[in-house]
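# Overview (structure and organization)
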Amino acid sequence: MSEPFDVVIYHNPDCGTSRNALAMIRNAGIEPHVVEYLKSPPNPDLIRRLLGRAGLCVRDILRETGTPYLSLALSDPTLTDEELLDAIASHPILLNRPLVVTPRGVALCRPSEVVLDLLPVQHGEFVKEDGERVVDEHGRRVATA
């Protein structure tokens, strides 16, 4: 790679999807800036900017499973973006992951292979933790059924 290709991943090491996205970034020959967002949560202004770049709204990045989403009544449609961002700031586990930032854009990488759209070519085969092959031995994305 001739030019620097800076990548930031908002990562949860306990999440298989996040681990797979991180591994695909590394398979492209890139060592990303890894932000373990549960330890160092992004502030609401940064989240707002990232969402704008990704073309997402706050509700698009709210995680429900394994979070206080229901107990905080975050499904209430009258809640504003600011209120939702405040909830994420107070409970970073509400931020869905992995959120990846590259010179090619910003995306919530669910499923993890969405990250391939943000990266240069892969350096060889990549198989996800569950055994699903997503990149062949030539670094090309494998078509899914």
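This next bit is on the nonpolar core. I61, I88 and L94 are the most contacted members of the largest nonpolar core, which totals 20 residues. Counting residues per element, the ones that place at least two in this core are helix 2 (44-54), helix 3 (81-90), strand 3 (99-102) and strand 4 (105-108). Discounting chain neighbours no more than four positions away, the residues touching I61 are I47, L51, L56, I88, L94, L95, N96 and L108. Formed by 19 residues, the second largest nonpolar core is a distinct cluster that contains F5, A21, V115 and L118.

The next thing to look at is the sheet that holds strand 3. The mixed open sheet is built from four strands, whose spatial order is 2-1-3-4. Across the chains shown, the open sheet's two edge strands, defined by having one partner strand only, are strand 2 (33-36) and strand 4. Averaged over neighbouring strand pairs, the angle between their axes works out to 15° when direction is ignored. As paired strands, strand 1 (residues 8-11) and strand 2 are joined by four bridges and run parallel to one another. Counted as the bridge partner of V8 is H33 from strand 2. Sitting on the sheet, helix 1 (residues 16-27) touches strand 1, strand 2 and strand 3, and the angle it makes with strand 1 is about 160°.

This part is about the environment of P120. By the element assignment, P120 lies in the loop between strand 4 and strand 5 (126-127). C-alpha separation for the pair P120 and I30, spaced 90 residues apart in sequence, amounts to 9.3 Å.

Listed as buried for helix 2 are I47, L50 and L51. Looking straight down helix 2, one finds its buried side chains confined to an arc of 100°; they lie on one side. In helix 2, the exposed positions that point more than 90 degrees away from the buried face belong to R49, G52 and R53. On its buried face, helix 2 is in contact with strand 1, helix 3, strand 3 and strand 4. The distance from a side-chain oxygen at the start of helix 2 to the backbone nitrogen of D45 is 3.0 Å, and the residue carrying that oxygen is N43. Note on helix 2: the residue one or two positions beyond its end, G55, has a positive phi of about 70°.

Rules and cut-offs
For every chain, the first residue of the written sequence is number 1, and numbering continues from 1 onward in sequence order. Reporting in this predicted model follows two pLDDT cut-offs: at least 70 for local features of residues, and 80 or more for side-chain atom pairs to be given and counted; totals over whole chains, interfaces and linings ignore these cut-offs and use all residues. Each side-chain value is worked out from all heavy atoms of the structure, with water and hydrogens disregarded. Joining through side-chain atoms within 4.5 Å is the link that ties buried Ala, Val, Leu, Ile, Met, Phe, Trp, Tyr and Cys residues into a set, and such a set is a nonpolar core. For every residue, the accessible area (1.4 Å probe, protein chains only) is compared with the maximum for its type, and the residue is labelled buried under 20%, exposed over 50%, or partly exposed between those bounds. We count a stretch as a helix when DSSP gives it H or I for four or more residues in a row; a strand needs E for two or more, and each element gets its number in order from the N terminus. Here, two residues are considered to be in contact whenever any of their heavy atoms come within 4.5 Å of each other. In this scheme, strands are said to pair when DSSP sees at least two bridges between them. Fitted lines through C-alpha atoms serve as axes, helices being fitted only where they are in contact, and the angles separating the N-to-C directions of these axes extend from 0 to 180 degrees. Note that the arc is computed from the directions linking the helix axis to the C-beta atoms. Pairs of N or O atoms within 3.5 Å make up the polar contacts considered here, provided that, within protein, one atom can donate a hydrogen while the other can accept it, and that residues adjacent in sequence are counted only when both atoms are side-chain atoms.

No statement about biological role is implied by the geometric values presented.
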